[in-house]
Amino acid sequence: MSRMGDVLAGFHAAWEFESDSVLIRYERGIRTPKLFQALGERRVPLEAIAGVTLTRGKRGTVVLRVEPRPGADPLMEAAAGQLKESGDPYRLVLPAEREVLAEYYADELRGLLTESGPADRFLVEPPKGPLSFKAYDGKATFDGRTVSFRWFWTGASSAKWKAGDQNFSVGELNGVEWRSPEVFEGHLRLLRRDVGTTAVQADQDPAAVVFGLGYGPVHESLPFAAAVLAAVRTSSPVAAVPAAAPRRDPADIAERIRHLGELHQAGLVTDEEFSVKKAELLAEL
C-alpha cells in the first residue's frame with residue numbers, strides 16, 4: 001500500500017491496510033451484526049486473500065470485498081457458505097460517494113496479492129471466543145483441548161440422556177459440521193476420527209447439539225465451531241484420555257435422576273439402562 005496504516009471506514013467496520021495484511025475492526029452498536037461484534041477485529045494476511053472485488057450495493061452504496069482463499073480462514077470453513085450476505089465479515093459497505101477511494105484501495109491491494117488456490121493451512125487466526133454457548137438441548141464448552149456437551153433435561157432426547165454428558169478431546173476429532181440456526185434444523189456436530197459418516201439425526205447424536213429459537217445463534221455457535229475446527233486441524237490424533245469426572249451439585253444430580261425416572265416410567269429407558277445410569281449419576285457425587 002502507499003502508506004502503512006491507511007484506514008478505510010465503512011458501515012459497521014473499518015479496514016486498516018498494512019504492508020502484509022488487512023486489519024478489520026468491527027464497530028459495536030445496535031445496528032452492527034452480532035457476529036461482527038463477537039469477532040471484534042481480525043487480521044487477514046495478504047497471503048490469505050485470493051482476490052478483491054468492488055461492486056455497487058443497495059441504496060446508494062458500494063461494496064469492497066476481499067475473497068479469502070479456500071482453507072485459509074477457519075471461520076469461513078466452518079460456515080461453509082451459509083452466512084447471509086449482510087453477515088459476511090469480508091464485505092465493507094461504503095457510501096457511493098467513496099467509490100473512487102474504494103477503487104484506489106482495491107487496485108492497490110490487488111497489486112500485492114501473490115497467492116491463489118486452496119491454502120494448506122489456516123492463515124487467519126480463529127476467533128478467541130465465545131468458548132461456550134447454549135444450544136436447545138445442552139450447553140457446549142471448549143477449553144482449547146476438550147469439547148464438552150452437558151445435556152439439559154428440558155431439551156435433550158432420551159438417546160442423549162442414556163449416553164450421558166460428553167467430552168471429546170480435539171485429538172479424537174476429524175472436524176466439525178455447523179448448520180446455521182437461521183435455516184431449518186441447525187446444529188453443531190463433532191466429526192470423530194473413529195466413526196464414519198453417520199445418518200443419525202443431530203437430536204439423537206451424543207456428538208451433536210441442536211439449535212432452536214434463541215439457542216445456538218450464529219454469533220455464538222459459529223465462532224465456537226471455528227475455534228474447535230482450528231484446534232482440530234493443528235492437533236495430532238491421539239488416544240482420548242478419559243478425564244476425571246467433576247463433582248456435581250447434589251441438587252443437579254437429584255434433578256437428573258428424577259428426569260431419568262420419568263423416562264423410565266414412560267418406557268423410553270429399560271430397567272437395566274435406568275439402573276446403570278442412576279449408578280453413574282450417584283457416582284458423580
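Residues numbered from 1 in each chain as written. Predicted model: local features only at pLDDT ≥ 70, side-chain atom pairs only at ≥ 80, totals over all residues. Heavy atoms only, no water.

Novice: Please clarify how unusual backbone geometry should be interpreted in this entry.
Specialist: With the exception of glycine, the majority of residues adopt a negative phi angle, and the majority of peptide bonds are in the trans configuration. Positive phi, normally seen in glycine, also occurs at histidine 12, with a value near 75°. Residue position: histidine 12 is located in the loop between strand E1 (6-9) and strand E2 (13-17). Taking relative accessible area as the criterion, histidine 12 reaches 24% and is therefore assigned partly exposed. Located in the positive-phi region is arginine 59, a residue other than glycine, with phi close to 50°. With respect to the element layout, arginine 59 can be found in the loop between strand E5 (49-56) and strand E6 (61-68). Taking relative accessible area as the criterion, arginine 59 reaches 80% and is therefore assigned exposed. (Helix = DSSP H or I, 4+ residues; strand = E, 2+ residues; numbered from the N terminus. Buried < 20%, exposed > 50% of the residue type's maximum accessible area, 1.4 Å probe, protein only.)

Novice: I'm lost on the pattern of salt bridges in this one. Help?
Specialist: A side chain with one charge may pair with a side chain of the opposite charge, provided their charged atoms come close. Overall, the coordinates contain 14 salt bridges when judged by the stated rule. The salt bridge involving glutamate 182 is made with lysine 84; its shortest N-O contact spans 4.0 Å. One end of the pair, glutamate 182, is in the loop between strand E12 (173-179) and strand E13 (187-192); the other, lysine 84, is in the loop between helix H2 (74-79) and strand E7 (91-95), and 98 residues separate them in sequence. Using a relative accessible area of 48% as the deciding quantity, one classes glutamate 182 as partly exposed. Judged by relative accessible area, which is 51%, lysine 84 ranks as exposed. A network of salt bridges, in which partner residues are shared, links Glu177, Arg179, Arg189, Arg192 and Asp205. (Salt bridge = Lys/Arg side-chain N within 4 Å of Asp/Glu carboxyl O.)

Novice: When you look at the packing of aromatic side chains in this model, what are you seeing that I'm missing?
Specialist: Enumeration over the complete set of coordinates arrives at 10 aromatic pairs. Their ring planes at 70° and their centres at 6.5 Å tell us that tryptophan 15 and phenylalanine 17 sit as a pair that is edge-to-face. Ring plane angle 65° and centroid distance 6.3 Å describe the contact between phenylalanine 142 and phenylalanine 224, whose orientation is recorded as edge-to-face. Of this pair, phenylalanine 142 sits in strand E9 (residues 138-142) while phenylalanine 224 sits in helix H5 (residues 218-233), and the two are 82 residues apart along the sequence. (Phe/Tyr/Trp six-rings, centres within 6.5 Å; stacked < 30°, edge-to-face > 60°.)

Novice: Before we go on, may I ask you to explain the layout of surface pockets in this structure?
Specialist: To find leftover empty space, one rolls a probe the size of a water molecule over the atoms. When its volume is computed, the second largest pocket comes out at roughly 460 Å³. Arg59, Thr61, Ser86, Arg91 and Val93 are the residues nearest the centre of the second largest pocket, which is lined by 16 residues in total. For the lining of the second largest pocket, the elements supplying multiple residues, two or more each, are E5, E6 and E7. With 3 residues, the single largest contributor to the lining of the second largest pocket is E7. (1 Å grid on protein atoms, 1.4 Å probe; cavity = no way out; pocket = protein on both sides within 12 Å on 5 of 7 lines; lining within 4 Å. Points joined across faces, edges and corners; volume = space filled by probe spheres on them.)

Novice: Just checking my understanding: could you explain the pairing of strand E3 (residues 21-26) for this structure?
Specialist: In the case of a regular strand, side chains alternate between the two sheet surfaces. Here E3 lies mainly inside the structure; 5 of its 6 residues are buried. With 5 bridges connecting them, E2 and E3 associate as antiparallel partners. Across the sheet, the residue bridging to glutamate 16 is leucine 23, located in E3. Between the end of E2 and the start of E3, which pair antiparallel, lie 3 residues. Here E3 runs beside strand E4 (residues 41-45); their pairing, made up of 5 bridges, is antiparallel. Paired with isoleucine 24 across the two strands is arginine 42, which belongs to E4. (Pairing = 2+ DSSP bridges.)

Novice: Could you clarify how one ought to interpret the environment of lysine 278 in this entry?
Specialist: Along the polypeptide, lysine 278 turns up in helix H7 (residues 271-283). Lysine 278 sits in the partly exposed class, given a relative accessible area of 34%. Sequence separation of lysine 278 and alanine 254 is 24 residues, and the distance between their C-alpha atoms is 9.9 Å. The contact partners of lysine 278, leaving out residues within four places of it in the chain, are Ile257 and Leu260. (Contact = heavy atoms within 4.5 Å.)

Novice: Just checking my understanding: could you explain the sheet that holds E13 for this structure?
Specialist: Whether parallel or antiparallel, the strands of a sheet pair through hydrogen bonds between backbone atoms. Here we have 3 strands laid out as an open sheet, ordered E12-E13-E14, and antiparallel in their pairing. In the strand order of this sheet, the two ends are held by E12 and strand E14 (208-210), each with one partner. Pairwise comparison of adjacent strand axes, ignoring direction, gives a mean angle of 10° for this sheet. Contacts from H5 reach E12 and E13 within the one sheet, and its direction differs from that of E12 by about 160°. (Axes fitted to C-alpha atoms, helices over the stretch in contact; angles between N-to-C directions.)

Novice: Explain the sheet that holds E2 to me, please; I cannot follow it from the model alone.
Specialist: Taken in spatial order, the 4 strands make up an open sheet running E1-E2-E3-E4, and their pairing is antiparallel. Each end of this open sheet is capped by a strand with a single partner; those strands are E1 and E4. Direction aside, neighbouring strands of the sheet carry axes that sit 20° apart on average. On top of the sheet, helix H3 (residues 99-110) reaches E1, E2 and E3; it is set at about 130° to E1, its chief contact.

Geometric values such as these leave the question of function open.
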